[in-house]
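Coordinates in review
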Amino acid sequence: MGTSVELNDTLLISEAQGFPSGLLNRDAHVRDRVGARKFANELFKFQEKDGARIFHLDPVRVYLVENIDGKWLFWGKAFVVSQTIEKKIGPDGDWKVGDWVTSGLFKIVEVFEPEYQEMFTTRESPPGKSFFA
C-alpha cells in the first residue's frame with residue numbers, strides 16, 4: 001500500500017486558486033512591462049490545488065503559470081514559502097479516499113519579458129495547452 005504524492009516544479013494556478021490576475025495581466029504587461037521588484041515583499045496565497053503535491057521550496061524556483069480556461073501562460077519564477085496538504089472535505093462532510101488538496105504561499109521573484117514569455121509558453125506548455133496556440 002502506498003501514497004500518491006506528486007513533486008512539482010511548476011505552480012499552475014487559476015485566478016480562483018489564487019493567481020494574482022489583477023496584478024499580472026498579459027495585455028497590460030505587453031504595453032508596460034511588469035517587473036518582479038513590484039512584488040518584492042508580497043506573499044500570495046494559492047489554494048485548492050488538486051492532489052497531494054510537494055513544490056520545490058525557497059530558494060529553489062518553481063515556474064509560475066496562469067491557468068486560463070485550461071491554457072497555460074508562463075509568467076516567470078516564484079518561491080513557494082509554505083505549503084499544506086489537506087483532505088478535501090465535501091459539503092456534506094464526506095471525504096473520498098485519495099481526495100487531497102494543496103495550498104500555500106508564494107512570492108514572485110522573476111517576471112518574464114513579454115517576448116520571452118510567449119516563446120517560453122509556446123515551448124514549455126504541454127501539447128495543446130499553450131495560451132498562444
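Scroll up to find the structure this text is about.
Our subject in this report is the structure included herewith. Note that the structure is predicted; figures quoted are calculated from it, not measured. (Residues numbered from 1 in each chain as written. Predicted model: local features only at pLDDT ≥ 70, side-chain atom pairs only at ≥ 80, totals over all residues. Heavy atoms only, no water.)

**Details of the sheet that holds strand E7 (residues 100–111)**
Spatially, 5 strands are ordered E2-E5-E6-E7-E3 in an open sheet, and the strand pairing comes out mixed. The sheet terminates laterally at strand E2 (10–13) and strand E3 (44–50), the two strands that pair on one side only. Adjacent strand axes in the sheet meet at a mean angle of 45° when their direction is disregarded. Pairing of strand E6 (residues 71–87) with E7 involves 11 bridges; the strand directions are antiparallel. (Pairing = 2+ DSSP bridges. Helix = DSSP H or I, 4+ residues; strand = E, 2+ residues; numbered from the N terminus. Axes fitted to C-alpha atoms, helices over the stretch in contact; angles between N-to-C directions.)

**Some remarks on the packing of aromatic side chains**
Here the structure, examined in full by the defined rule, presents 14 aromatic pairs. Ring centres of Phe112 and Tyr116 lie 4.9 Å apart, and the angle between their planes is 90°; this geometry places the pair in the edge-to-face category. With a relative accessible area of 37%, Tyr116 lands in the partly exposed category. Measuring from centroid to centroid gives 5.0 Å for Phe112 and Phe120, while their planes differ by 50°, and the two rings are tilted. On the accessibility criterion, Phe112 (2% relative accessible area) is buried. Here the aromatic residues Tyr63, Trp72, Phe74, Phe112, Tyr116 and Phe120 are joined through ring pairs into a cluster of three or more. The side chain of Arg61 reaches across the aromatic face of Tyr63, ending 3.8 Å from its centre. Note that Lys87 overlies the ring of Trp95, its terminal NZ or CZ placed 4.3 Å from the centroid. (Phe/Tyr/Trp six-rings, centres within 6.5 Å; stacked < 30°, edge-to-face > 60°. Buried < 20%, exposed > 50% of the residue type's maximum accessible area, 1.4 Å probe, protein only. Lys NZ or Arg CZ within 6 Å of the ring centre and 35° of its normal.)

**Quick look at the nonpolar core**
Core analysis: the largest hydrophobic core is formed by 19 residues, its most contacted members being Leu11, Leu24, Phe39, Phe46, Leu64, Phe106 and Ile108. Of all the elements in the fold, those that place two or more residues in this core are E2, E3, strand E5 (62–68), E6 and E7. When residues in this core are grouped by element, the largest group, 4 residues, is from E6. Setting aside its immediate chain neighbours within four residues, Leu24 contacts Phe19, Val34, Phe39, Leu64, Glu66, Trp75 and Ile108. One finds Leu12, Phe74, Phe112 and Phe120 within the second-largest nonpolar core, a separate group that totals 7 residues. (Core = buried A, V, L, I, M, F, W, Y, C linked by side-chain atoms within 4.5 Å. Contact = heavy atoms within 4.5 Å.)

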